[in-house]
Amino acid sequence: MQELPSDASNRASDLPRDQTLALMRVQEALDQLEAAILSSPRLFWSRTLIDEEKILEQLDFIRLNLPTALEEAEEVLRQRDQILAEAHRYAQEIVAMAQRRAEQLVSESTILRQAQAQAEQLLRQTYQQSEEVWRQTLQESERLQREAHRYVDQVLQDLEMRLLESLRVIRNGRQSLQT
């Protein structure tokens, strides 16, 4: 049985708790499946009634590709955080610019009112833009997460079908032994 690589466990600690638990459950399920296959009763010449090699290859495939899907989701989250940080810095720069401009125009009240209005307008626009960026990033993150879940479900469904086929072969083998 293979354990979760140390860098994967470090990445798992950076994920939200529910994603970390899900990743750990998938890994544990894969390990249990592998253990069940390896401990299956052996028949003639150390062969099981299931095709170990194909199932183990499938398990390796899942192990190799599942972290990729999760890493893609993590990358989207990192990009979202980066975009939000940039939007926040941009908003701060605009606020600072507006404040500097307002200080320069303190002597003339008409100009001051105009500057304040512009600063407020810029602030509203900046906050609206950052909220839009946040919403788009969140939607993209959710979309990638849904795709990752669909992919994992598809791989597990395929594995389930293979196992059911193996189980059918085992039952047929046992029936032929009993008759």
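Bear in mind that the values here come from a model prediction, so they are computed numbers and not experimental data.

> Please clarify how the nonpolar core should be interpreted in this entry.
A general feature of soluble globular proteins is that nonpolar side chains tend to end up buried together. Leu 30, Leu 33, Ile 37, Ile 55, Leu 59, Ile 62, Val 155 and Leu 159 together form the largest nonpolar core, which totals 8 residues. Listed by contribution, the elements that provide at least two residues to this core are α2 (17-38), α3 (52-104) and α4 (109-178).

> Where do I start with the side chain of Arg 80 in this structure?
Relative to the assigned elements, Arg 80 resides in helix α3. By relative accessible area, which is 15% here, Arg 80 ends up buried. In terms of polar contacts, Arg 80 uses its side chain to reach the side chain of Asp 81, at 3.2 Å. Apart from the residues within four sequence positions on either side, Arg 80 is in contact with Trp 134, Thr 137 and Leu 138.

> So what exactly am I meant to see when it comes to the pattern of salt bridges here?
Where charged atoms of side chains with opposite charge meet at close range, the side chains can pair. Per the stated rule, a full pass over the model turns up 8 salt bridges. One salt bridge connects Arg 78 with Glu 75, and the closest N-O pair in it is separated by 3.1 Å. With Arg 78 and Glu 75 both in helix α3 and 3 residues apart, the pair spans about one turn of that helix. On the accessibility criterion, Glu 75 (35% relative accessible area) is partly exposed. Glu 140 is the salt-bridge partner of Arg 143, the closest N and O atoms lying 2.4 Å from each other. With Arg 143 and Glu 140 both in helix α4 and 3 residues apart, this pair spans about one turn of that helix. Residue class for Glu 140 comes out partly exposed when judged on its relative accessible area of 32%. In this structure, a network of salt bridges that share partners links the residues Glu 74, Glu 75 and Arg 78.

Cut-offs and rules
Residues numbered from 1 in each chain as written. Predicted model: local features only at pLDDT ≥ 70, side-chain atom pairs only at ≥ 80, totals over all residues. Heavy atoms only, no water. Core = buried A, V, L, I, M, F, W, Y, C linked by side-chain atoms within 4.5 Å. Buried < 20%, exposed > 50% of the residue type's maximum accessible area, 1.4 Å probe, protein only. Helix = DSSP H or I, 4+ residues; strand = E, 2+ residues; numbered from the N terminus. Polar contact = N/O pair within 3.5 Å; in protein donor to acceptor, adjacent residues only side chain to side chain. Contact = heavy atoms within 4.5 Å. Salt bridge = Lys/Arg side-chain N within 4 Å of Asp/Glu carboxyl O.

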